[in-house]
Structure formats: C-alpha cells, structure tokens
Amino acid sequence: MSAVIAKQIRIEGIVQGVGFRPFVYRMASERELFGTVLNDSQGVLIDIEGEEETVSAFILAIKTELPPLASISRMQITDIPAVGKTGFAIAESRLGSSHVAQIAPDSYVCSDCLREMFDPANRRYRYPFINCTNCGPRYSIVTDIPYDRPLTTMADFPMCPACKEEYEDPASRRFHAQPNACAECGPQLSFADAAGQQLAVADPLEEAIKRLKAGEVAAIKGLGGYHLAVDATNDTAVKRLRQRKHRDEKPFALMSFDLSKIRRFATVSELEERLLTSVERPIVLLRRRDDHPLSMNVAPKNKFFATMLPYTPLHYLLLEQFEALVMTSGNQSDEPIAFENSDAQQRLEGIADCYLQHNRRIHIRTDDSIARLLDGEPVLYRRSRGYVPRGVKLPSEQLPVLAVGAELKNTICLSRGDQAYLSHHIGDLKNQQVVDSMKQAVEHFEGLLEVQPELIAHDLHPDYLSTHVAGELSNGRPLVAVQHHHAHLASCLADNGRTNKAIGVIFDGIGYGSDGHIWGGEFLVGDLHEFQRVGQFAYRPMPGGDAATKEPWRMAVSYLHAAYGGQLPKLPFLQDIDEAALKLLLQMIEKRLNSPLISSVGRLFDAVAALAGVRQHVSYEGQAALELEMLIESDDSDEIAYPLDLEKKDGLLQVDAVPMVKQLVLDLENGIPAGKISARFHNGLAWLILEVCEQLSEAFGPLPVALSGGVFQNRYLTERAAKLLREAGFELLLHRQVPPNDGGLALGQAAIAGAKAARG
Ligand code: ZN
Ligand code: ZN
Ligand code: FE
C-alpha cells in the first residue's frame, strides 16, 4: 500500500455550468478518494486525499476525460497535509467579488437528451427545449455573472418539483444544469401569422411544418436569433425568399436532419463529418453532388452547399420532416440578425409568412459559425455561435485591451491575462443599428469578463466607424492605432501562439495603408511589436473607389489600361459594358479622377474574374473571387502559371501583374476555357508567394511564413502556396482558431496593443 497524500487542485477555464463538479465527484468516488470540490470566483477548487497512485490516476482522468463543454486553461496542483478525510462532497460555492470563471459557448443538444426527446416513455418526449449539464444554451442566455439560473433568461421559468429535484441531485444528468426545464415548467412554442398575430393552433410545431411544406417562408426563433426557413426542395419557395430578402445570389445555408440525408445532396469526407458533428456545429462548406434533389436557387453558380446539422432540439423536431431546410439568418441585408420577438416581427415584415417562436429570451444574438476544411484542417470563415466566448490563448499575459476590429465582418476582442476573447460576429459597420449592436457587445463582454480595458486598439483608418467608436469609448484611456495588415499578421501569429518574427503574406480586399493609399497585396516582415513592409503589389488606380468593389469590370479595365494603354483588346466581357461608361472610366483612370491607388490582391481577383467573363457585377463581397475559384475543375490544373514580374524598387519588392494580364488575354483569344485560366492565375500567385518568400529569407534569414487576409479563404490558392512553401522548407502559419478574414482582425489588434504596452 502506498502512502496517503493530499493535494489541492485549482482549475481555471470553462469549468462552471458544464457539469464539472459532478464529473469530479464521479472520478473521485469511483476511485474511493476523499475530499471536496467547489466552484469559486477563479474556477474550480478540489481537495483530494488518498493513496498516492490513485490520486495521480485521478488527476490524469481530470485532464483527459473532461465533460464535452469543459476546457481547462490552467491547472495548479499543490501539496497539502493529509488529515484523514472521509467521503467526497460537492461543497458550497465560494463566489468572491471577482469572477475569473468563464462562460461556456452555446452547445448543440447532446445525444443523451436526443434519445430522451424521441422516447415516448420519457417525461420530456418531444419537448423542444430539453437540455442537460452537458448541453443547451449558455452564452446567448447569460445576462450577468456568475453563471447561475437567476442571471440567465431562464430566470423567467421557476422549476417544477421534478426539474428541481434533478437540478439538486449530484447524481443526475441535470445537476446544476441552469437551463433545465420540462413541458410543465419551461419555455413553450407559439405560432404567429405574417402580421405577427398569435394564432391559437393546437400544435405550433405541426403548424409550422405544414406551412413550410406549403412553400411558405417561416421565421423560426432558434438559439442565438431568428432564421428564415423554406423547404430547400421547393424551387418556388427558395426563389420567393431570395426576392423578399433582396438577396440575388449569395448562397443560403442549409440544415438537414442527419448525415445520411446530407449525403443525398453533398459529399462528406471523414474530416468534414467530424467538423459537422463537432460540439460547435458550424455551417460547413460541402461539395455539391450533381444529382442532388434541392432547388438550384439555394446556391446558384456555387459548387458547395453551406450545410449544418440541427443543433437545438427544436431543429431536430422540424427537420425530421424535410430533406433539408434553407436556414438563413433572419435579417434584412446589412442589418444584424433579429433576436427579440417584437423586433423580429417588425423587421421581418414582408419577408416571413409566419413565425414559429418561443418565450425563452435570447440575451445576446449569435449567428451561425461557418467553417471549411483547408489544408487538411478546419478553418473558420465566421467564428460565432458554438465558439464564442471561448478564449484564445495569447503568447503571454498582457494589460487588458479592448480591440474594436475592422469595418466589415466586425468582431471585437477583449483580453484578460493571457486570454483573448473574440466576440460573436457583429456584422458590417455600415449603419447605426450595427454600431449600436457592437457597443452592446463591448459592454456585455466587459461585464461577463469583469475587466476594464486599459487600452483601446483600433484600425489606422481615420474614417472607419469602429475608429470613431474607439474614440467615443476611450474616456481618457490611450488609443492604439494598428495598421490593418499588421493586425492580420499579428492575428495569425497569435492564432498560432507565436511572438517571433515572421514573413506575413497578407492578401485581402481593402485596408488603410501607412502611406495613405489602400493596401491589400502586402508582404510584411514583423512580429507583435512592429512590422516592415518589404513587398507589395504595384499600385493601380481603382476607378470609382468603392464602386469598383461592386463592379469588378472596373478593375479589369484598370489592368487592361495598364497593359495596353487606351487601346483595349476586344474582349468578350467588354461587349456587356455600356460604351459611354467605358469611355468615362478610361478618362477617370488617365486623369486619376476618383481613382485611389490600391495594391489589393482581392481587387486583382475581381479584375481576373471580369476578364474571364465570370462576372462584371457582384451582389456580395468576395463573390467574384469565390466564383473564379469554383471554376477550377480537377482536370484544369495543367501546372501552367501566369507570370508576374518581381522587381526591387526603393528597397521594396514590387509585384507587377501586367505580364499576367497579357498572358491571360492571349489565352482568352486562343479560346482557353475559363476554368483553366482561373487555375493558371491561382498557380501564378502561388509561385509568386514562394519566390517572394525565398528572396525575403535571403535578406532576413529563415523566417516562418504567415498567410492571412480574406484572400486566404481561397482553398485552391492556400493549399497550392502551402505545398510550395513547405517543399521549399518554410515553416507555415495558417489560421485555425480565428478567421483569416477581417472577422479575426480584432485578435491581432489586441495582441499588438498588448505587446506595445509591455514595452512601454
Ligand atoms: Zn444534453
Ligand atoms: Zn419542469
Ligand atoms: Fe482585411
């Protein structure tokens, strides 16, 4: 028999409200260890006593067998004297004045709860709000800390005796499950007509299913907000939703009951299956099958279906009856997703034919997250529901910083200690509604994390609404302006837990440069403290400024003008352009009227998409680039790459895309298909990245390469570049925890401000 010892174990992370104490209780009781476990302001505190070997096995089990929603950010073990304890108990919480404990993200409904919901003998049979300690709403219902029922929107529902008994029983699956409820005592569904009038129907769920089957647009209240739903096999219904939402082409998200149903319209690899079924339940971009039964209007001109599995019990009950439902966020374009019942009815008026609602309030709206596999691992396009408010570990402790993010795809980031907390997706800061919703997010995060930032980081752009908000919020606190592409680099470094210098290949649409021009095709060398711009795409005029982002043909003409002067080659796409408009545009370019200089690779993608005849106008950001990538079929990759010129000017590597444009025009004239043209363009960029990185490593020594910016959502380009760089011996840093696009920018801003403060 080995000696009896005692240890105190302090655990920080997401350990409250996720079944951690019952889990510890079970681990200790199974091993006949003695002591206590309790929640306190820092997390969970365990006193454990027993034979040395068994205590070690217990500690290992705590680390490796965590409940599904829990995650440990720090574990500290100290020796304490053994006092001959007997029994193991969950002791009273000790909640002090400060709360370091973290709130868990919203979770999908677990398989135990699902089984109960579909079991006619269970008291929660077909109850759409079933949940347990391991699953259910969290972040979206928390009004304040500590995470306890009275401080959630479940405070509206006093528990019935049966629920209360489960809640208080350490042996129950629902011990301290704050949203615990049943049909007796919990939230209920209701049904309203297009005018928002409550209708007394026997079964709101059945009524909604009936309406959806009849082709109606239903607004459905979910976990973090409203969805607009239609039957995805009903072409008329899908078209109707497009018309009413003024959304011409942007793909709609789909939800389907299970993997076997999804496999009828999309292919699912093993890794994609893992991503679809993960606790976060993101929307996953899956390759469309040719013989699918869904409406072509779900995702026109797209080879992918953005698909998710149900994540609430209500979704399961609904989806049982359908092949798939379109489930798009319940908003008018550009507005935040609706999440309050009355607000939803106002804002979705004219879009929704009926409403399936419930009376559990949503405190914080969270959109669905979007992910895709890239280079063999998931990458996030949007990090929101399921991931927020989980922290990203920073390379070191830093002063608390608030970073207000970018203008588009805005998220904010608050740092505390060595953790950075990136908010839910807030949206494009184009109107007051979104700005207000951003300010609310700041306030809510500061409350949840109980932290008052000492610094406020914002984008260098003087006119961004986020920059104005930073000024408003500052209240005498120092402001740190961060250059957009430096923030992308830092975001990628922090995402990978790095602080050391790296080459940043930062390709995106638009970002304000240190020289006052618009950047977006940048090669940087830098770390969290500082950066040097060592290379760039040659500046080109962007005729019409912002208008060019909506009309890719403008950039195509700008590049043609750079290649051929005023005598443009007769290309098919020019036939679609009004002659007068073309003439005017050429004048703007020549006289540099309303034509800011840009080095953006995003806009180069636009130009190439227009040249290749893919599209001259876009209805959503990134559309031209996405469709250009989609054109590439597996047999298009002939390994031909368009040439780009690389030249050193004033100590800066300058990339000139004009030779590429000329080659592309030759290909067009020779009738090379658009898919091949697209592949050759992508290949050219990948080779260029390698060449620049090789030249830079000669000058700066061996450095890792970070790929960041919205362009690196492009799978073909990223995987090509990654392969070439790895083969040449470069260490590669890709985004994994936060998106490469502007949705991950606030993390970089926060890391830079923190690092700068540390140096004084
Ligand atoms: Zn559950
Ligand atoms: Zn109940
Ligand atoms: Fe950007």
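Structure shown above.
Residues numbered from 1 in each chain as written. Chains lettered and ligands numbered in written order. Predicted model: local features only at pLDDT ≥ 70, side-chain atom pairs only at ≥ 80, totals over all residues. Heavy atoms only, no water.

Draft legend 1. Structural context of the coordination of the zinc ion (ligand 2). Summarising the metal site, the zinc ion (ligand 2) is bound by the protein donors Cys160 (SG), Cys163 (SG), Cys182 (SG) and Cys185 (SG), whose distances to it range over 2.2 to 2.4 Å. For the zinc ion (ligand 2), the four donor atoms in the first shell make angles of 103 to 118° at the metal, a pattern classed as tetrahedral. On the primary sequence, the residues serving as donors to the zinc ion (ligand 2) are separated as C-x2-C-x18-C-x2-C. Each member of the pair Cys160 and Cys163 is classed as buried. (Donors = N, O, S within 2.8 Å, 3.2 Å for Na, K, Ca; no water. Tetrahedral: all angles 85-135°; square planar, octahedral: opposite > 155°, others 65-115°. Buried < 20%, exposed > 50% of the residue type's maximum accessible area, 1.4 Å probe, protein only.)

Draft legend 2. Up close: the sheet that holds strand E19 (residues 455-459). Strand order in this open sheet of five strands is E16-E18-E17-E19-E20, and the pairing throughout is mixed. A single partner strand is all that each edge strand has here, and the edge strands are strand E16 (391-398) and strand E20 (479-482). With direction set aside, neighbouring strand axes in the sheet form an average angle of 30°. Summarising the sheet, strand E17 (residues 401-403) and strand E18 (residues 413-422) pair through two bridges and their orientation is antiparallel. Bridge pairing links Leu402 to Leu414 in E18. Against the sheet, helix H11 (residues 432-449) touches E17 and E18, its axis set at about 155° to E18. Contacts from helix H12 (residues 465-474) reach E17, E19 and E20, with the element oriented near 165° to E19. (Pairing = 2+ DSSP bridges. Helix = DSSP H or I, 4+ residues; strand = E, 2+ residues; numbered from the N terminus. Axes fitted to C-alpha atoms, helices over the stretch in contact; angles between N-to-C directions. Contact = heavy atoms within 4.5 Å.)

Draft legend 3. Structural detail: the packing of helix H17 (residues 601-611) against helix H18 (residues 623-630). Interhelical geometry of H17 versus H18 gives an angle of 60° and a closest axis separation of 8 Å. One element, H17, and the other, H18, form an angle in the oblique class. Crossing hand, H17 versus H18: left-handed. Listed contacts from H18 to Phe605, Asp606, Val608 and Ala609 of H17 are Ala624, Ala625 and Leu628. Classifying every residue of the contact of H17 with H18 gives six nonpolar, no polar and one charged. (Parallel < 35°, antiparallel > 145°, perpendicular 65-115°, else oblique. Left-handed = near helix turned anticlockwise from the far one by under 90°. Nonpolar A, V, L, I, M, F, W, Y, C, P; charged D, E, K, R; others polar.)

Draft legend 4. Molecular detail of the coordination of the iron ion (ligand 3). Only His484 (NE2), His488 (NE2), Asp508 (OD) and Asp742 (OD) from the protein reach the iron ion (ligand 3) as donors, at distances of 2.1 to 2.3 Å. Donor residues for the iron ion (ligand 3) sit on one chain with the sequence pattern H-x3-H-x19-D-x233-D. With His484 in helix H13 (residues 484-495) and Asp742 in the loop between strand E29 (732-733) and helix H22 (745-758), this residue pair connects regions lying 258 residues apart in the sequence. Taken as a pair, His484 and Asp742 share a single burial class, namely buried.

Draft legend 5. Structural detail: the packing of aromatic side chains. As enumerated under the stated definition, the model contains ten aromatic pairs in all. Here Tyr25 and Phe88 contribute two aromatic rings whose centre-to-centre distance is 6.3 Å and whose plane-to-plane angle is 65°, an arrangement assigned as edge-to-face. Of the two residues, Tyr25 is situated in helix H1 (residues 20-30) and Phe88 in strand E5 (residues 88-90); the sequence distance between them amounts to 63 residues. Residue classification places Tyr25 among the partly exposed positions, given a relative accessible area of 29%. Arranged with centres 5.6 Å apart and planes meeting at 85°, the rings of Phe257 and Tyr316 form a pair that is edge-to-face. Separated by 59 residues along the polypeptide, Phe257 in the loop between strand E9 (253-255) and helix H7 (259-262) and Tyr316 in helix H9 (residues 313-319) bring together distant segments of the chain. Across this residue pair, the class does not change: Phe257 and Tyr316 are buried. (Phe/Tyr/Trp six-rings, centres within 6.5 Å; stacked < 30°, edge-to-face > 60°.)

Purely geometric stuff here, so don't read any function into it on its own.
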